[in-house]
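Structural overview for review
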Amino acid sequence: MSEKNEKYAVIVIGAGHAGCEAALAAARLGSRTLLITINMDHIAQMSCNPAVGGIAKGQVVREIDALGGYQGIVTDAAAIQFRMLNRAKGPAVWSPRAQCDKSCYQRAMKAVLEPCPNLDIIQAEVTDIMMEGAKATGVITNFSDKIYADCLVFTTGTFLSGKLHYGNINFSGGRAGDPAANLLAAALQGRLKIRLGRLKTGTPPRILAKTIDFSKMQRQDADLQEEQFSFWNDIAPLPSPLPRATRKDLPCYLVYSTAETNRIVRENIHQAPLYQGRIEGIGTRYCPSFEDKVVRFEHHPRHLLFLEPEGEFTQEYYINGISTSLPVEVQVPMLHSIPGLENAVLSRYAYAIEYDFIFPDQLNRSLALKKHPNVFSAGQINGTSGYEEAAGQGLIAGMNAAKFAAGRETVELARDSSYIGVMIDDLVTKDIIEPYRLFTSRAEYRLRLRQDNADLRLSEFAYRNGLLPEEKYRAFAVYRDKLEQTVNILRTEKTGGRTAWEALKQLKGNFTDPASLPFSAESAGLDVTSRMGRRIIRQAVIAAHYEGYFDREDASIVKLRKLESWKIPASFNYDEIAGLRAEAKLKLKKTAPTTLAQAGRIDGVTPAELALLQVHLTRSIGRGKNRE
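So, on to the sheet that holds strand 16 (residues 282-283). Pairing in this open sheet of 5 strands is mixed, and the strands run 11-10-20-12-16 from one edge to the other. Of all the strands in the sheet, the pair left with one neighbour each is strand 11 (169-172) and strand 16. In this structure, strand 10 (residues 163-166) lies alongside strand 20 (residues 351-358), joined through 3 bridges in antiparallel fashion. Within strand 20, the position partnered with Lys163 by the bridge is Glu354.

Shown next, in the form of structure tokens:
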């Protein structure tokens with residue numbers, strides 16, 4: 001067994017979407033970082049749908065970008081179609097989504113990682129964890145290399161004891177084409193003594209374009225607008241240009257399954273491994289397999305499907321909405337029963353995958369394990385689903401690992417600051433028994449947590465914590481100050497007997513054309529000729545629209561922040577509080593909340609018990625020591 005002489009501050013295990021952002025964040029903070037992946041050619045692979053963003057997910061990508069991360073930048077490079085979802089609703093729930101060239105996405109993220117200062121990348125499988133007493137000190141690879149580190153970040157996706165199911169056929173694998181990480185799953189349990197559960201997800205078949213009759217489908221084109229994911233595309237360019245997709249207007253297609261599709265599924269449901277009891281893992285409620293749809297929604301004779309191109313230079317299409325684990329011989333007639341797919345050739349069969357995950361109640365909001373404060377985890381290993389949720393967690397875990405390795409205090413994102421903060425708080429506070437998926441409805445303060453203002457919410461935090469480089473921060477400050485100046489002018493400039501600010505409210509938050517402004521742009525000092533100027537106008541229009549609602553939401557945020565300011569020590573003894581029910585004590589000890597606000601969000605803790613806890617904190621520790 002060889003022993004590497006060098007020691008890293010942070011080792012990230014797994015180079016999916018969580019691992020990439022974790023490694024880049026740790027490196028940006030100056031930590032000597034190692035990223036270990038089973039396959040260097042599969043870094044940032046889009047294992048399921050070739051798209052980034054969507055409802056709530058698009059907000060997360062914008063937040064990652066505001067925090068100095070790279071998912072938005074790489075998505076813009078690889079995008080072959082961009083759309084803003086929910087435009088028929090209010091701006092608070094507008095969500096950007098980009099169809100990507102999945103091969104270009106991989107290559108672009110690899111091009112970001114490889115030249116990154118402070119970051120090394122190696123191809124190996126982590127098979128064991130080194131310990132000194134109860135402390136993790138490094139990892140052992142399948143090459144018997146011992147590599148030491150101050151902190152470990154596990155971002156293993158679906159690889160822990162992964163098993164693929166194609167009907168009655170099943171075999172070990174982390175995803176199609178990659179091996180499972182069986183030895184690492186055993187090490188997490190054996191070395192770190194953490195509880196693992198079992199979850200399930202799946203992916204649909206892919207088909208060849210030349211065998212599709214698109215004339216029987218509804219075409220869905222890209223939005224004609226200047227929107228992109230990243231705020232920084234024209235600022236602080238990377239050392240070398242990223243690989244880019246040249247076509248940005250590739251269409252998707254909509255089609256419905258048929259009653260015949262449902263009949264084929266019902267007649268073969270006994271061959272589905274989930275209904276045979278062959279799958280132990282619990283699947284996601286919000287992205288069910290097609291056979292689940294047929295069984296659970298039997299009153300629906302058809303289901304909407306989306307055909308999405310997998311790239312600019314490939315003929316493969318992804319069929320969104322028909323994930324299945326039925327046998328391959330059943331998948332063919334299923335697809336042939338759909339209009340336009342009568343002669344479709346399946347290039348890749350659909351499958352289900354089950355895998356181990358860490359019950360996230362074992363984490364705190366820094367994404368460190370409570371038992372092992374120098375060990376962090378992010379992504380599907382924490383029970384989430386989606387590239388975006390994974391990347392958001394990865395960035396926070398990587399940042400905090402670097403901070404811990406440097407002897408600095410870790411930080412948390414509050415629920416009122418970001419969707420990432422909402423997600424992490426939900427994960428560590430709620431009972432996660434199925435794959436977690438973000439929705440705008442999970443955020444109490446979604447009027448504030450919009451996709452258009454992620455930099456205004458988070459870039460100051462990112463700069464203070466070393467995530468956002470100076471050049472980007474200066475550009476952000478110019479935008480922020482110009483926006484503030486513009487809003488002040490609009491509040492004082494009169495037009496038609498009212499202020500320009502009041503006049504903006506008639507647009508109801510939606511600005512698309514300078515001609516739609518209820519006054520002259522020049523008279524109000526608005527710049528419609530530059531991209532930043534148009535963005536400032538859009539931001540002002542949305543802020544004016546929601547102004548009255550902000551006042552009510554802000555009052556709720558003030559109450560939340562007061563409760564967040566009450567810190568609960570890790571050593572706090574809940575058994576000493578008379579009046580707490582046994583259920584509340586059990587859940588408080590299990591979750592170990594760090595603040596009074598988090599304690600109040602635990603299922604089974606009543607407002608009366610929260611008041612008891614607050615009184616006890618005041619008496620036993622002293623209010624002054626617990627208020628910031």
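Next comes the rest of the description.
The next subject is the confidence of the model for the chain. Detailed reading of the predicted model is not advised wherever pLDDT is low. Across the chain, the average pLDDT comes to 92, with 97% of residues at or above 70. Confidence drops under a pLDDT of 50 for residues 623-628, and excluding neighbours within four residues, the segment shows 11 contacts in the predicted structure.

This part is about the nonpolar core. By size, the foremost hydrophobic cluster in this structure holds 113 residues, and its most contacted members are Ile11 and Phe154. Broken down by element, the residue count for this core peaks at 9 residues, all from helix 10 (residues 387-405). Excluding its chain neighbours within four sequence positions, the residues that come into contact with Phe154 are Ile13, Ile129, Leu184, Leu188, Leu192, Val375, Phe376, Ser377, Ala378 and Ile381. Within the second largest apolar cluster, 24 residues are counted, among which are Val255, Tyr317, Ile319 and Leu326.

Time to look at the packing of aromatic side chains. One pass over the structure, following the stated rule, counts 12 aromatic pairs. Considering the side-chain rings of Tyr473 and Phe476, the 6.1 Å spacing of their centres and the 45° angle between planes classify their relative orientation as tilted. In this pair, Tyr473 and Phe476 both sit in helix 13 (residues 470-492), 3 residues apart, roughly one turn of the helix. Phe476 shares its class with Tyr473; the two are buried. Ring centres of Phe572 and Tyr574 lie 5.0 Å apart, and the angle between their planes is 70°; on these two criteria the pair is classed as edge-to-face. Neither Phe572 nor Tyr574 differs from the other in exposure class; each is buried. Counting every residue linked through ring pairs, the aromatic cluster contains Tyr166, Phe171 and Tyr351. Geometry around Tyr8 places Arg32 over its ring, the cationic atom sitting 4.3 Å from the centre. A cation sits over an aromatic face here: Arg491 above Trp501, 4.3 Å from the ring centre.

What counts and how
Residues numbered from 1 in each chain as written. Predicted model: local features only at pLDDT ≥ 70, side-chain atom pairs only at ≥ 80, totals over all residues. Heavy atoms only, no water. Pairing = 2+ DSSP bridges. Helix = DSSP H or I, 4+ residues; strand = E, 2+ residues; numbered from the N terminus. pLDDT = per-residue confidence, 0-100. Contact = heavy atoms within 4.5 Å. Core = buried A, V, L, I, M, F, W, Y, C linked by side-chain atoms within 4.5 Å. Buried < 20%, exposed > 50% of the residue type's maximum accessible area, 1.4 Å probe, protein only. Phe/Tyr/Trp six-rings, centres within 6.5 Å; stacked < 30°, edge-to-face > 60°. Lys NZ or Arg CZ within 6 Å of the ring centre and 35° of its normal.

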